[in-house]
Amino acid sequence: MSELPKTFDPSAIEAKWYAHWEETGAFRPNRPDAEPYTIVNPPPNVTGNLHIGHALDNTLQDVLIRWRRMQGRDALWQPGTDHAGIATQMVVERLLAEQKQPDRRAMGREAFLKRVWEWKAESGGTITRQLRRLGASLDWPRERFTMDEGLSAAVREVFVTLFRQGLIYRDRRLVNWDPKFLTAISDLEVESKEVKGNLWHLRYPVEGAPGRFLVVATTRPETMLGDTAVAVHPEDARFKDLIGKRVILPLLGRAIPVVADEYSDPEKGSGAVKITPAHDFNDFEVGRRHDLPMPSVLDAEGRVMLEEISAHFAAADGIADHDFVRGLAGQDRFAARKAIVARLEELELVEKIEPHTHMVPHGDRSGVPIEPRLTMQWYVDAKTLAAPAIRAVETGQTVFTPKQWENTFFAWMRDIQPWCISRQLWWGHQIPAWYAPDGEVFVAHTEEEAQAAARAKFGHAVALTRDDDVLDTWFSSALWPFSTIGWPEKTPELEKYYPGDVLVTGFDIIFFWVARMMMMGIHFMGEVPFKTVCIHGLVRDEKGQKMSKSRGNVMDPLELVDAYGADAMRFTLCALAGPGRDIKLGRQRVEGYRSFGTKIWNAARFCEMNGIAPVAGFDPASARLPL
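Going along each chain's sequence as written, the residues are numbered from 1 onward. Given that this is a predicted model, residues contribute local features only at a pLDDT of at least 70 and side-chain atom pairs are listed and counted only at 80 or more, while totals for whole chains, interfaces and linings are drawn from all residues. Derived side-chain values reflect all non-hydrogen atoms in the structure, with water molecules and hydrogen atoms excluded from consideration.

**Student:** When you look at the overall build of the protein chain in this model, what are you seeing that I'm missing?
**Tutor:** A run of H or I in DSSP counts as a helix once it spans at least four residues, and a run of E counts as a strand once it spans at least two, with each numbered from the N terminus. The helix and strand tally for the protein chain stands at 20 helices and 25 strands. With respect to the three principal axes, the spread of C-alpha positions in the protein chain is 105 × 65 × 55 Å. Only protein chains enter the area calculation, which uses a 1.4 Å probe; residues under 20% of their type maximum are buried, those over 50% are exposed, and those in between are partly exposed. The proportion of buried residues among the 627 residues of the protein chain is 51%. Long-range contacts, defined here as pairs at least 24 residues apart, represent 77% of the contacts in the protein chain between residues at least 6 apart. Between the averaged position of the 76 positive side-chain charges in the protein chain and that of its 86 negative side-chain charges there is a distance of 4 Å. Residue contacts follow a heavy-atom distance rule, with two residues in contact if any of their heavy atoms lie within 4.5 Å. Charge counting treats Lys and Arg as positive and Asp and Glu as negative, with His and both chain ends excluded. Taken as the charge location is NZ of Lys, CZ of Arg, CG of Asp or CD of Glu.

**Student:** Quick question: what am I supposed to make of the side chain of Arg 144 here?
**Tutor:** With respect to the helices and strands, Arg 144 occurs in strand S4 (residues 144-145). Since its relative accessible area comes to 17%, Arg 144 is described here as buried. Under the rule applied, a polar contact is a pair of N or O atoms within 3.5 Å (in protein, one hydrogen donor and one hydrogen acceptor; residues adjacent in sequence only if both atoms are side-chain atoms). Of the polar contacts made by the side chain of Arg 144, one reaches the backbone oxygen of Thr 484; its length is 3.1 Å. Ignoring any residue separated from it by four or fewer positions in sequence, one finds Arg 144 in contact with Gln 78, Pro 79, Gly 80, Thr 81, Gly 150, Leu 151, Trp 480, Ser 483, Thr 484, Ile 485 and Gly 486.

**Student:** Help me understand the nonpolar core, please; the structure alone is not making it clear to me.
**Tutor:** One broad trend across soluble globular proteins is that nonpolar side chains are buried collectively. Among the buried residues, those of types Ala, Val, Leu, Ile, Met, Phe, Trp, Tyr and Cys that are joined through side-chain atoms within 4.5 Å form a nonpolar core. Among the nonpolar cores identified, the biggest contains 62 residues, and Phe 409, Phe 475 and Met 520 are the most heavily contacted of them. Here the element with the most residues in this core is helix H17 (residues 510-525); it accounts for twelve residues. Core analysis: the second largest hydrophobic core is formed by 38 residues, Leu 306, Phe 313, Val 325 and Val 350 among them.

**Student:** Is there a simple way to think about the sheet that holds strand S14 (residues 371-380) in this case?
**Tutor:** Sheets are built from strands paired through backbone hydrogen bonds, the pairs being either parallel or antiparallel. Any two strands with at least two DSSP-identified bridges between them are counted as paired. Taken in spatial order, the four strands line up as S6-S5-S14-S16 in an open sheet, and their pairing is antiparallel. The open sheet has two free edges, formed respectively by strand S6 (183-185) and strand S16 (419-420), since each of these has just one partner strand. In this structure, S14 lies alongside S16, joined through two bridges in antiparallel fashion. Within the sheet, the bridge partner assigned to Tyr 379 lies in S16 and is Cys 420.

**Student:** What am I meant to see in the pattern of salt bridges here?
**Tutor:** Opposite charge on two side chains makes pairing possible when the charged atoms of those side chains draw close. The salt bridge criterion pairs a side-chain nitrogen of Lys or Arg with a carboxyl oxygen of Asp or Glu, the two atoms within 4 Å. Within the structure shown, the criterion is met by 43 salt bridges. One salt bridge connects Lys 114 with Glu 118, and the closest N-O pair in it is separated by 3.2 Å. One end of the pair is Lys 114 and the other is Glu 118, both in helix H5 (residues 109-123) and four residues apart, which spans about a single turn. Residue class for Lys 114 comes out exposed when judged on its relative accessible area of 56%. If you follow the salt bridges from partner to partner, you end up with Arg 220, Glu 222, Arg 333, Arg 337 and Glu 371 in one network.

**Student:** What is the right way to read the sheet that holds strand S7 (residues 190-205) from this model?
**Tutor:** The strand order across the open sheet built from three strands is S8-S7-S13, with neighbouring strands paired in antiparallel fashion. Pairing within the sheet leaves two strands with one partner each, and these edge strands are strand S8 (213-218) and strand S13 (350-363). Strand-to-strand twist of the sheet, defined as the mean angle between neighbouring strand axes without regard to direction, takes the value 20°. Strand direction decides the pairing type here: S7 and S13, joined by 13 bridges, are antiparallel. Bridged to Leu 199 within S13 is Glu 354. Helix-sheet contacts for helix H10 (residues 333-346) involve S7 and S13, and the interaxial angle to S13 is about 170°. Only the stretch in contact is used when a helix axis is fitted, and all axes are lines through C-alpha atoms; the angle between N-to-C directions ranges over 0 to 180 degrees.

**Student:** Whenever I open this one, the side chain of Arg 69 confuses me. Can you help?
**Tutor:** Locating Arg 69 in the fold gives a position in helix H2 (residues 52-70). Buried charge Arg 69 goes without a salt bridge, the closest partner of opposite sign being Asp 62 at 5.0 Å. A polar atom in the side chain of Arg 69 sits 2.7 Å from the backbone oxygen of Ser 137. Sequence-distant contacts of Arg 69, that is, excluding residues within four places in its chain, are made with Ala 26, Phe 27, Arg 31, Ala 75 and Ser 137.

**Student:** What am I meant to see in the packing of aromatic side chains here?
**Tutor:** Any aromatic ring pair is given by two values, namely how distant the centres are and how the planes are angled relative to each other. Pairing of aromatic rings covers Phe, Tyr and the six-membered ring of Trp, with a centre-to-centre limit of 6.5 Å; geometry is then stacked below 30 degrees between planes, edge-to-face above 60, and tilted otherwise. Counted according to the given criterion, the structure contains 23 aromatic pairs. Centre to centre, the rings of Phe 112 and Trp 426 are 5.9 Å apart; their planes meet at 65°, and the pair counts as edge-to-face. One end of the pair, Phe 112, is in helix H5; the other, Trp 426, is in the loop between strand S17 (422-423) and strand S18 (433-435), and 314 residues separate them in sequence. Note on accessibility: Phe 112 and Trp 426 belong to one class, buried. Their ring planes at 45° and their centres at 5.4 Å tell us that Phe 400 and Phe 409 sit as a pair that is tilted. The burial state of Phe 400 is the same as that of Phe 409; both residues are buried. Ring pairs connect the aromatic residues Phe 159, Phe 163, Trp 378, Trp 419 and Phe 475, which therefore count as one cluster. Only Lys NZ and Arg CZ are tested; either one counts as a charge over a ring when it is within 6 Å of the ring centre and within 35 degrees of the ring normal. Above the face of the Trp 177 ring, Arg 373 is positioned so that its terminal group lies 4.7 Å from the ring centre. Cation over ring: Arg 516 sits above Phe 511, and NZ or CZ is 4.9 Å from the ring centre.

Any link to function would need more than the numbers given here.
So this is what it looks like as structure tokens:
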């Protein structure tokens with residue numbers, strides 16, 4: 001009789017065999033003389049839970065790595081997790097609030113970071129346990145974390161080296177600022193939401209021309225306190241005679257210039273735009289072109305501040321209202337908006353108000369509207385680092401599949417801006433920079449090294465203060481293909497497994513991760529970090545709609561694994577996946593492939609019941625008859 005049970009129960013079988021494979025080291029590269037094959041796994045956030053995108057990404061990698069293992073290659077699939085700066089800090093802060101413990105500022109930095117490491121030890125392994133349930137055959141003993149000791153050393157080495165090469169520097173520029181989390185955030189952490197608002201048409205009196213106004217249209221009247229010019233298109237006949245003249249800024253009474261700039265679109269709004277360089281990315285560029293002042297009028301929390309404009313109050317009969325402006329100090333940006341519009345209406349300086357639906361950037365985690373904010377931050381000279389990465393794709397050293405994604409890569413890379421790498425958080429790689437009392441900065445691997453540099457500079461010991469900021473998480477993950485296998489040490493693994501063969505990832509992080517790994521890999525290792533970038537599509541619902549909590553169509557891969565088994569779900573994803581194509585996934589498809597798995601099981605039982613078994617010494621190459 002057959003020893004195989006009648007019913008195929010994937011949960012018991014998959015758990016048993018996965019544990020066996022892991023215990024016996026089946027996932028380890030153990031063929032020292034064979035040709036290597038390397039895949040680095042995109043490190044999931046340590047706060048994360050397995051979602052359907054992870055399931056697709058890891059299944060495709062698992063297919064490739066198992067295929068190469070079976071071919072006899074020395075195959076390494078490198079695992080690890082990302083410290084996820086803002087997400088992890090948010091999780092722990094929420095936990096402290098739930099437990100009615102002091103918040104992070106009351107605790108202080110050291111105590112708070114100790115608490116985060118405790119959380120990481122208790123809860124940070126969820127995603128890797130879930131990848132095991134998925135059946136992903138990663139080399140787990142090699143698992144890395146973007147803040148482990150070795151990777152931290154790599155981050156310091158890269159930062160110090162790039163600083164000394166002039167490729168990392170400090171600059172005062174506009175950033176995406178989150179007024180809730182009080183930090184700069186990356187473009188990937190910003191989502192644009194459609195907002196129903198208004199377009200306010202405001203009258204700015206023309207200096208020396210009583211009764212004449214230049215009307216500007218704006219969606220953000222609260223920023224007018226920081227206006228330093230009005231821009232009109234150089235070819236716009238309506239305003240030609242005003243170019244070079246001045247208008248009076250309502251409420252403040254200050255005269256500001258009318259400048260000619262092609263940024264102003266004659267077809268939009270009133271054709272004239274107020275220029276607030278410290279609070280708008282486009283205005284910032286206009287301000288640089290025309291050498292305009294850049295006063296900030298909103299603080300870190302999005303409240304009105306007057307420190308940078310109070311010296312510019314000017315008398316203007318019937319237009320200036322300095323007492324009103326002083327009363328705005330400390331008000332939230334949206335309360336100030338209402339008050340400013342109401343006061344302008346009283347002064348008869350509102351031409352009209354139009355309902356206006358437009359896209360407003362929001363923090364993807366905080367949910368609050370993002371403020372462009374002028375701050376001093378650390379930057380990488382991405383343009384210099386991008387050039388060799390562009391050449392590598394142009395010359396085929398790294399190939400994208402499907403090939404059309406190279407166009408996306410080129411579009412971003414050829415128009416690349418300086419990369420803001422500092423974040424005003426506590427959890428992360430603290431920037432290895434120390435400041436002397438006069439503001440002189442010393443970048444070094446250690447505080448002792450910084451102290452020695454300061455002594456050499458000043459001729460005596462000085463008190464140094466470390467930079468409070470931490471690095472953008474994409475900075476440490478940009479080093480992933482070489483930091484995970486030993487760099488900056490010259491390890492045998494680094495020699496053997498770099499460069500990698502394939503990177504499997506989604507299109508949404510081509511710029512944030514793929515491009516940055518290429519920039520850092522070429523700069524520090526002298527060659528590309530991977531030869532092929534395999535871009536897959538999104539997993540959508542069976543109607544082709546994007547999965548989202550608001551639509552209620554999210555599919556939990558672990559729930560599908562519980563219902564149908566990991567193999568059924570993995571087989572479904574593989575069967576539906578095509579190069580770069582989105583997948584339409586429904587439960588019935590998974591159920592169908594579970595039935596396919598059952599057929600294979602029953603075929604195996606049939607063989608067993610009929611005494612079909614392996615024969616020692618049988619050479620398959622000797623078979624001459626068809627099956």
